[in-house]
Amino acid sequence: MSSPVWHPFTQHGLEPQMLPISRAEGAWLEASDGQRIFDGISSWWVITHGHRHPKIVRAIQEQADKLDQVVFAGFTHEPAETVARELIKIAPSGLAHVFFSDSGSTAVEVALKMALGYWRNTGQKRTRILALEHAYHGDTVGTMSAGARGVFNAAYAPLLFDVERIPYPAAGREQLTFDALDKACRSGDTAAFILEPLILGAGGMLIYDAATLAEMRRICSAYGVLFIADEVMTGFGRTGTLFASEQAHISPDILCVAKGITGGSIPLAATLCSEAIYAAHLSEDRARTFFHSSSYTGNAIACAAAVANLEIWRTEPVRERIAALAAAQEQCLEGLEGDPHFANGRQIGTITAVELTGRAGGYLDNVALSLRSKLLARGVLLRPLGNTVYVMPPYCATADELKSVYEKLAEAVDEVSA
Ligand code: PLP
């Protein structure tokens, strides 16, 4: 019988069957028929420590027994207060307030609205948004506007607002980026620059260095342009540090986090901002309110999961696990060197990416689909972005598990190339 469910980013005409999953533990998923599948993409980059970390599971159960949900306007609760306090402690300095929402996209929408609200409330006509070429910030209308234009959003173009595109800082071409950014910031009507620090994820796992990130931050500061770091993917350890911004020793004016904030267990997102941005909205004039909410803002169960996640970061050797995973990833990537099917291997922290050679590329390249099914048949979940294959496992993945993933990847690529 056909299912009424319409799945995300899925062409049902090419993929009529979805694989039913019934359990998950650590780095593994278990299908209803008992097949074990290694979760090589951390279930869309959300799972950090591993599936069903016992402390997070317990926190969810205990919170569900006490308070599930309460309207977050006019009310608060301890889990939300604790998450906000703890986030401020560990986030780059200068971030003073936390606004909760429920996905990476909403965290970014909130950030863009905060930036515009700041300039309006301080009486300056700054409305222009700058964003990086190849960026991805989500799939809502505002985040699609900030993201790169292409096949993903062509149909919705009439809904999207204009942003000024700053060239991606490819190695050796950083000066182009700096010059374009400087020119755009100089214009005086620029409100904010939004970017993914150190690695552009869905745009193709494009990595740039910390010095470049620091210079982009410096240029924005010089002109008072608000700097928005979208750490929805990079946050909570993926790039080797808790936040990618740390590696450039920068503090954004606004920081977006989601995915790993609950260890990947349950939806929650947060947008952190500077005191100045909060203060610009603080008034006895209701017209200066930050007009944003969603029904589940600050959901108590999600916040309890986040409290447990932050405690895991404080009390378990998470950084050591990340370092070990990064080292294992490096070794596996080296193992692909010399294989003519792969080119441009690259890594940042726990993430590796590689291009398949001999393909025209592009997201619609069917190689992604056939590779995915060949890998799945071998018990590995990877989701190539066109001809870019990346591996982003949970931090509990072992060196042996990874070795097997890369062996199966090489086999599967051999088969699709034959
Ligand atoms: N921003 C970045 C950098 C992302 O990678 C993503 C999702 O992958 C998002 C925003 C959107 O997050 P969500 O899918 O939770 O809305």
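Nothing here was measured: the structure is a model prediction, and the numbers come from that model.

### Section: the overall build of the protein chain
- Counting its secondary structure elements, the protein chain contains twelve helices and 16 strands.
- For the protein chain, whose C-alpha radius of gyration is 21 Å, the value lies close to the compact-globule estimate of 22 Å for 418 residues.
- Dimensions along the principal axes, computed over C-alpha positions, put the protein chain at roughly 65 × 55 × 45 Å.
- Residues counted as buried form 52% of the 418 residues belonging to the protein chain.
- Considering only contacts in the protein chain between residues 6 or more positions apart, those separated by 24 or more positions represent 71%.

### Points about the domain arrangement of the protein chain
- Along its sequence, the protein chain is organised into domain 1 (56–315) and domain 2 (317–417).
- For domain 1 versus domain 2, the distance between C-alpha centres works out to 28 Å.
- The interface of domain 1 with domain 2 comprises 19 residues on the first partner and 19 residues on the second.
- For the pairing of domain 1 and domain 2, the buried interface totals around 1,600 Å² over both sides, and the portion due to carbon and sulfur atoms is 71%.
- Considering only the side of domain 1, the residues that lose the most area to domain 2 are Met205, Arg238 and Trp313, jointly responsible for 41% of the buried surface there.
- Between the two partners, domain 1 and domain 2, sit six residue pairs in polar contact (both at pLDDT 80 or more).
- In terms of residue count, the dominant contributor to the side of domain 1 that touches domain 2 is helix H9 (residues 300–315) (three residues).
- Partitioned by chemical class, the residues of the side of domain 1 that touches domain 2 number twelve nonpolar, six polar and one charged.

### Brief notes about the sheet that holds strand S2 (residues 28–31)
- Reading across the sheet, the four strands line up as S1-S2-S3-S15 and stay open at both edges, with mixed pairing between neighbours. Across the chains shown, the open sheet's two edge strands, defined by having one partner strand only, are strand S1 (21–25) and strand S15 (380–381).
- Pairing analysis gives two bridges linking strand S3 (residues 36–39) to S15, with the strands arranged parallel. Among the inter-strand pairings, Phe38 is bridged to a residue of S15, identified as Val380.
- Its contacts with the sheet place helix H12 (residues 399–417) against S2, S3 and S15, and it is angled at close to 100 degrees to S3.

### A short note on the pairing of strand S13 (residues 342–348)
- Two elements, S13 and strand S14 (residues 351–356), share five bridges in a ladder whose sense is antiparallel. In the sheet register, Ala343 faces S14, and the bridge partner there is Glu355.

### Topic: the packing of aromatic side chains
- Considering all chains together, one arrives at nine aromatic pairs under this definition.
- Ring geometry for Phe99 versus Phe290: centroids 5.1 Å apart, planes at 90 degrees, classification edge-to-face. Linking Phe99 in strand S4 (residues 95–101) with Phe290 in the loop between helix H8 (275–281) and H9, this pair joins segments that are 191 residues apart in sequence. An identical accessibility class is assigned to Phe99 and Phe290; each is buried.
- In this arrangement the basic side chain of Arg36 is found over the ring face of Trp28, its NZ or CZ atom lying 4.4 Å from the centre.
- Its end group placed over the ring of Trp119, Arg126 keeps NZ or CZ at 4.2 Å from the ring centre.

### Concerning the site of the ligand
- Every residue near the ligand is listed here: Trp45, Ser103, Gly104, Ser105, Tyr136, His137, Gly138, Glu196, Asp230, Val232, Met233 and Lys259.
- Taking Ser105, its side chain carries an N or O atom lying 2.7 Å from an oxygen atom of the ligand.
- Contact between the ligand and Lys259: an oxygen atom at 3.0 Å from a side-chain N or O atom of the residue.

### Brief notes about the pattern of salt bridges
- Counting across every chain of the model gives 17 salt bridges.
- Between Arg217 and Asp253 there is a salt bridge, and its shortest N-O distance comes to 3.1 Å. Residue Arg217 is located in helix H7 (residues 210–222), and its partner Asp253 is located in the loop between strand S10 (226–230) and strand S11 (254–257); the two are separated by 36 residues in the primary sequence.
- Accessibility expressed as a relative area gives 15% for Asp253, which makes it buried.
- Residues Arg378 and Glu415 are paired through a salt bridge, measuring 2.7 Å at the closest nitrogen-oxygen approach. Taken together, the residues span a long stretch of sequence, with Arg378 in the loop between helix H11 (367–377) and S15 and Glu415 in helix H12 at a distance of 37 residues.
- For Arg378, a relative accessible area of 21% puts it in the partly exposed group.
- A relative accessible area of 40% means that Glu415 is categorised as partly exposed.
- Via salt bridges that share partners, Lys374, Arg378, Glu411 and Glu415 belong to a single interconnected network.

Rules used in this analysis
- In this numbering scheme, every chain counts its residues from 1 along its sequence in written order.
- Only residues with pLDDT of 70 or above have their local features reported here, since the model is predicted, and side-chain atom pairs are shown and tallied only from 80 upward, although totals for entire chains, interfaces and linings are computed over all residues.
- Computation of side-chain values covers all heavy atoms of the structure but excludes hydrogens and water.
- Segments assigned H or I by DSSP are reported as helices when at least four residues long, segments assigned E as strands when at least two residues long, and all are numbered from the N terminus.
- In this setup the radius of gyration rests on C-alpha atoms only. A globule is expected at 2.2 Å times the number of residues raised to 0.38.
- Type-normalised accessible area, obtained with a 1.4 Å probe on protein chains alone, sets the label of each residue: buried when under 20%, exposed when over 50%, and partly exposed for intermediate values.
- Whether two residues are in contact is decided by their heavy atoms: any pair within 4.5 Å suffices.
- Per the annotation, domain bounds derive from an automatic or database assignment of domains.
- Put simply, buried area is how much 1.4 Å-probe accessible surface two parts lose in total, over both of them, once they are put together.
- Any N or O atom pair separated by 3.5 Å or less is treated as a polar contact, with the protein-specific requirement of one donor-capable and one acceptor-capable atom, and with residues adjacent in sequence counted only for side-chain atom pairs.
- When residues are sorted by character, Ala, Val, Leu, Ile, Met, Phe, Trp, Tyr, Cys and Pro go into the nonpolar class, Asp, Glu, Lys and Arg into the charged class, and all the rest, Gly among them, into the polar class.
- We treat two strands as partners when DSSP finds at least two bridges between them.
- What counts as an axis is a line fitted to C-alpha atoms, over the stretch in contact for a helix, and the angles between N-to-C directions run from 0 to 180 degrees.
- For Phe, Tyr and Trp, rings pair up if their centres lie within 6.5 Å, where Trp contributes its six-membered ring, and each pair is then called stacked (planes under 30 degrees apart), edge-to-face (over 60) or tilted (otherwise).
- In this scheme, Lys NZ or Arg CZ marks a charge over a ring once it lies within 6 Å of the ring centre and within 35 degrees of the ring normal.
- In these notes, residues near a molecule or strand are those with any non-hydrogen atom within 4 Å of it.
- We count a salt bridge whenever a side-chain nitrogen from Lys or Arg sits within 4 Å of a carboxyl oxygen from Asp or Glu.

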